[in-house]
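Here are the chains, one letter per residue:
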Amino acid sequence: MKDKSKLYDFSTFLILILITLFFTVFGKGFLKPGNISNIINQASFLAIIGVAQLVVILTGGINLSIGSIMALSTVLCGPMLVREANVPVILPVFLVILFGAAVGTVNGLMITRLNIPAFLATFATMYVARGAAWLYIGKGVFYGINDQIRFWAMGELVNLNGFRITMPIVLVALFLVVMWFLLAKTTLGRRLYFTGSNPVAAEFSGIPTKRVIVLAHLLSGLISGIAGIMYVARINAADANLGTQYHFDAISVALIGGAVMSGGVGSVWGVVGGALIISVIQSGMNNMQIPTEIQKAFLGVIIILAVFFNAFLQDQKMKAGNDKPVKKGNTANA
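Residues numbered from 1 in each chain as written. Predicted model: local features only at pLDDT ≥ 70, side-chain atom pairs only at ≥ 80, totals over all residues. Heavy atoms only, no water.

Asker: Is there a simple way to think about the UniProt feature "transmembrane region" (unreviewed entry) in the protein in this case?
Answerer: Taking the numbering used here, the UniProt-annotated feature "transmembrane region" (unreviewed entry) corresponds to residues 12-31, 43-69, 89-111, 118-137, 165-183, 212-233, 253-281 and 293-313. Note that residues 89-111 is 96% helix and 0% strand, and that its end C-alpha atoms are spaced 34 Å apart. (UniProt positions renumbered as here; feature names shortened; annotations may be inferred. Helix = DSSP H or I, 4+ residues; strand = E, 2+ residues; numbered from the N terminus.)

Asker: For this particular structure, what's the right way to read the environment of Thr 112?
Answerer: Looking at the element boundaries, Thr 112 is found in helix H5 (residues 90-113). Take Thr 112: its relative accessible area is 4%, and that puts it in the buried class. As a C-alpha pair, Thr 112 and Val 212 span 100 residues in sequence and 9.8 Å in three-dimensional space. With sequence-adjacent residues up to four places away left out, Thr 112 is seen in contact with Lys 210, Ile 213 and Val 214. Polar side-chain contacts of Thr 112 include one of 2.8 Å to the backbone oxygen of Gly 108. (Buried < 20%, exposed > 50% of the residue type's maximum accessible area, 1.4 Å probe, protein only. Contact = heavy atoms within 4.5 Å. Polar contact = N/O pair within 3.5 Å; in protein donor to acceptor, adjacent residues only side chain to side chain.)

Asker: Teacher, can you tell me more about the packing of helix H3 (residues 66-76) against H5 here?
Answerer: Helix-helix packing: each pair is described by the crossing angle between the helix axes and the interaxial distance. The contact between H3 and H5 brings their axes to 8 Å, and the two run at 140 degrees. In terms of their interaxial angle, H3 and H5 are classed as oblique. As for the relative orientation of H3 and H5, their crossing is right-handed in sense. Note on element contacts: H5 touches H3 through Val 96, Phe 99, Gly 100, Val 103, Gly 104 and Asn 107, opposite Ile 69, Leu 72, Ser 73, Thr 74 and Leu 76. Considering only residue class, the contact of H3 with H5 consists of six nonpolar, five polar and no charged. (Axes fitted to C-alpha atoms, helices over the stretch in contact; angles between N-to-C directions. Parallel < 35°, antiparallel > 145°, perpendicular 65-115°, else oblique. Left-handed = near helix turned anticlockwise from the far one by under 90°. Nonpolar A, V, L, I, M, F, W, Y, C, P; charged D, E, K, R; others polar.)

Asker: Explain the confidence of the model for the protein here, please?
Answerer: Fine structural detail should not be taken from predicted coordinates in areas where pLDDT scores are low. On average, residues of the protein carry a pLDDT of 87, and 90% of them reach 70 or more. By mean pLDDT, helix H15 (residues 328-331) is the weakest element of the protein at 44, and H5 is the strongest at 96. Confidence drops under a pLDDT of 50 for residues 324-333, and excluding neighbours within four residues, the segment shows nine contacts in the predicted structure. (pLDDT = per-residue confidence, 0-100.)

Asker: Sorry if this is basic, but what is going on with the pairing of strand E2 (residues 156-160) here?
Answerer: The side chains of a regular strand alternate, first on one face of the sheet and then on the other. Looking at chain direction, E2 and strand E3 (residues 163-166) are connected through four bridges and run antiparallel. Residue pairing across strands places Val 158 opposite Ile 165, the latter belonging to E3. Between E2 and E3, which follow one another and run antiparallel, lie two residues, and Asn 161 among them has a positive phi close to 55 degrees. (Pairing = 2+ DSSP bridges.)

Asker: Looking at this structure, how should I read unusual backbone geometry?
Answerer: Note: most peptide bonds trans; most residues except glycine with negative phi. Not every positive phi belongs to a glycine, and Asn 115 is a case in point at roughly 60 degrees. With respect to the helices, strands and loops of the structure, Asn 115 is situated in the loop between H5 and helix H6 (118-137). Positive phi, normally seen in glycine, also occurs at Asn 161, with a value near 55 degrees. Looking at Asn 161, the relative accessible area reads 74%, which means it is exposed.

In structure tokens, the structure reads:
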């Protein structure tokens, strides 16, 4: 599984280099420092929601409620997020993340206790959470997000001849390192991979697969809450329409980054590559004044090619006989 993820990471960044070269040659000023920093800033947010999707996909599931979790958790805490609230900033931030984790846990329990497929469970949650946000706020909007939160989401730290190093870049980099360590170096991470790659074997080897799936969805919801905070700080408002298409963006980032829908394959750095690819495509096509509809079509082609390429690599890997079985003595602690 790790060998596959490394191979996908390499192919993802190879695609990124080729696409960047294309827009560098055919676009104007694509590699200007300011444009590069804009691409990285945009990719930083896509990477967060991509990781939120990745942790679920690793178990062989999917989360369609990411955008709705972002909307509900931030709307519920909206009165505390604005400047006039006069509450410690850490309180609403903590509550948003807590609400996100709570909704994610509900997803996991529906899947494991009620035996509802992940697609249907999170599809239902997507509408329930969005509806709850609408019931709470209606057509209203919470404007004027706290300045400290806004600085975390868009504050500029250094400007190097147009290349802006911002707080999102720093914070997301730290977040990605933490998530890489969690998935690659901890027992929970190994269990997520093993549950997705072979749930029956994982169950027989002593891994509590149902608990692992609940934890995956809890973690996905928690990360969605973080993404919600970042997004409302950027747009300086919280409303029930937030993130209506972000579950699609999250899936796109994860798949382009090498994740496989059947589970067990994917990495944080692959997601980073997928986020950068989407950000580069959007920036390059905007630079070339290509209509949005064509951009979406091109992105769809990229996703199809990524999925096809990943399937091809898996097939070649299996034919070569390089898939090594997990040793019996290690699976209980996997």
